[in-house]
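Architecture at a glance
What follows is each chain in one-letter form.
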Amino acid sequence: RGRDDGPAPAHGGMGVREVKRLGKATGVDEQRLGLILEVCAAAGLIASGVPDPEPIGDADSYWAPTVLHDRFTEAPSARRWLQLANVWLDLPARPGLVGGRGPDGKPYAALSDSLYSTAAPLDRRLLLDLLADLPPGAGVDPVSASAALVWRRPRWSARLQPGPIEHLLEEAHAVGLTGRGALSSPARALLAGDQEAAERAMSAIMPAPVEHFLVQADLTVVVPGPLVRELADELAAVADLESAGAAMVYRVSEQSIRHALDTGRHAEFLLSFFE
C-alpha cells in the first residue's frame, strides 16, 4: 500500500514457493504465470478462501477455481478471449513485475498488493493507442515505443521507460492483442469499442476444434489442434500433457492409467476411447 499511484485493496497474494511449485507443475515461466493468475483472479475465475470440498492439508486458505470457471470453459474460444482481453485492459496491477524485486529487495508476489497500480490500465491504453495509429501490420520495439510515449506524455516518463513498456508488450502479445509488436485485427475492433466485431474477428482466425488425435507407438498422443471440450477432458484424465502449443503432445504412462482408473474409468472404456 501507499504507492504513488493510489491505495491498494487488502490482498494477501500467493506465496512465492506456491507460484514456483505451480510453475513447475504447469511448465509455465514465473512471469507468464503471474499474468495468468492476475487475469484469472480479476475475471473471477479463481478466488481465495476455502473450497468445497476442502482439500486435505494444514492450510486455512487457498486459491481455487470458482463457479464462474465452469461457465467460462464452456464458452466459445473467441468469447473467452474477449472476456480475458477486456479484463487485462482494465487490470489495476502490473503482472510484469512478478519474479522481480522491489526497492526493499523483497520479491514481487503474484496477486499481492505490491503489484497494484491504478495507472496500469491507462498505460496499456496509451501503448495500444500508439499501435493503433500505425498502419496495420506495423510493429514497434520497447525502445521506440517508449520514446514515442514519453514524447506524448513527458510528465509520465518514469512509467513509460523501455522496461515497463516491454512488460506491457509481452502481456499484450500473451493476451492476443498484438503479434510481433503490431496490433491484431481483433484488438483494433476492441479498441474501437465494437465488442461483437472483435469476437467475430478472433473467431475467424482461431483454429476450429478437432475431434481426433494420433496415438503413437511410444505411448505419446499428438493432438493436431484444440480438442473439443469433452474429448480434451477425457484425454487429460488418462494422459499427461508433455508439450503444449499449436500441436500438443500427451504421454500415456502407468501413473496416468492409474489416475484414470482411480477417477472411475474402467479398462473397457479406456480401450474403446483410444480405439
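Structure shown above.
A brief structural summary. For clarity, every value in this text was computed on a predicted model and none was experimentally measured.

What counts as what
- Residues numbered from 1 in each chain as written.
- Predicted model: local features only at pLDDT ≥ 70, side-chain atom pairs only at ≥ 80, totals over all residues.
- Heavy atoms only, no water.
- Patch = residues over 30% accessible without salt bridge, like charges linked within 9 Å, V, L, I, M, F, W, Y side chains within 5 Å.
- Areas by Shrake-Rupley, 256 points an atom, 1.4 Å probe, with all protein chains shown as cover.
- Salt bridge = Lys/Arg side-chain N within 4 Å of Asp/Glu carboxyl O.
- Lys, Arg positive; Asp, Glu negative; His and termini not counted.
- Charge placed at Lys NZ, Arg CZ, Asp CG, Glu CD.
- Helix = DSSP H or I, 4+ residues; strand = E, 2+ residues; numbered from the N terminus.
- Buried < 20%, exposed > 50% of the residue type's maximum accessible area, 1.4 Å probe, protein only.
- Expected span 1.5 Å × (residues − 1).
- Contact = heavy atoms within 4.5 Å.
- Arc of directions from axis to C-beta.
- Pairing = 2+ DSSP bridges.
- Phe/Tyr/Trp six-rings, centres within 6.5 Å; stacked < 30°, edge-to-face > 60°.
- Lys NZ or Arg CZ within 6 Å of the ring centre and 35° of its normal.

Observations concerning a negative patch on the surface
Taken together, the side chains of Asp70, Glu74, Glu211 and Glu230 define an acidic patch exposed on the protein surface. Note on placement: Glu74 falls in helix α3 (residues 67-74). Look at Glu74 and you get exposed, because its relative accessible area is 61%.

Section: helix α4 (residues 77-89)
The terminal C-alpha atoms of α4 lie 18 Å apart, and with 13 residues this matches the ideal 18 Å at 1.5 Å per residue to within 8%. Residues of α4 that are buried in the fold lie against α2 (30-42), α5 (120-132), α7 (162-175), α8 (185-191) and α9 (195-205).

Some thoughts on the environment of Pro207
Tracing the sequence through the fold places Pro207 in the loop between α9 and β5 (214-215). Between the C-alpha atoms of Pro207 and Gly49, which are 158 residues apart in sequence, the distance is 36 Å.

Notes on helix α10 (residues 229-238)
Buried within α10 we find Leu231, Leu235, Ala237 and Val238. The arc that holds the buried residues of α10, viewed along the axis, is 160°, so those residues lie on one side. Where α10 is buried, its residues touch β6 (220-223), β8 (248-251), α11 (254-262) and α12 (267-274).

Quick look at unusual backbone geometry
If you check the backbone angles, Leu111 has positive phi at about 65° while not being a glycine. Along the chain, the position of Leu111 falls in the loop between α4 and α5. Of note, the phi angle at Leu219 is positive, near 70°, even though the residue is not glycine. In this structure, Leu219 sits in the loop between β5 and β6.

Structural notes on the pairing of strand β7 (residues 240-243)
Taken together, the three bridges between β7 and β8 define a ladder with antiparallel strand orientation. The residue of β8 that forms the bridge with Ser243 is Val249. Hairpin connection between β7 and β8: a loop of four residues separates the two successive antiparallel strands, and Gly245 in this loop has a positive phi of roughly 145°.

Some remarks on the pattern of salt bridges
What the rule picks out here adds up to nine salt bridges. Between Glu199 and Arg79 there is a salt bridge, with its nearest N and O atoms 3.0 Å apart. Note that Glu199 is positioned in helix α9 and Arg79 in helix α4, a separation of 120 residues in sequence. Residues Arg229 and Asp233 are paired through a salt bridge, measuring 3.1 Å at the closest nitrogen-oxygen approach. Within this pair, Arg229 and its partner Asp233 are both found in helix α10, separated by four residues, close to a single helical turn. When its relative accessible area of 35% is taken as the criterion, Arg229 is described as partly exposed. A single salt-bridge network, built from bridges that share partners, covers Arg94, Asp123 and Arg159.

Structural notes on the environment of Ala43
Along the chain, Ala43 falls in the loop between α2 and β1 (46-49). Sequence separation between Ala43 and Trp63 is 20 residues, and the spatial gap between their C-alpha atoms is 14 Å. The contacts of Ala43, once residues within four sequence positions are left out, are Leu68, Gln83, Leu84 and Val87.

Here's the deal with the side chain of Ser184
By the element assignment, Ser184 lies in the loop between β4 (182-183) and α8. What makes Ser184 buried here is its relative accessible area of 15%. Excluding residues that lie within four positions of it along the chain, Ser184 makes contacts with Gly176, Leu177 and Thr178.

Points about the packing of aromatic side chains
In total, this model carries four aromatic pairs according to the counting rule given. Ring centres 6.0 Å apart and planes at 15° place the aromatic pair Phe269 and Phe273 in the stacked group. Placement of the pair is Phe269 and Phe273 together in helix α12, with a separation of four residues, close to one helical turn. Through a chain of ring-to-ring contacts, the aromatic side chains of Phe213, Phe269, Phe273 and Phe274 assemble into a single cluster. The ring of Phe72 carries Arg80 above its face, with NZ or CZ at 5.9 Å from the centroid.

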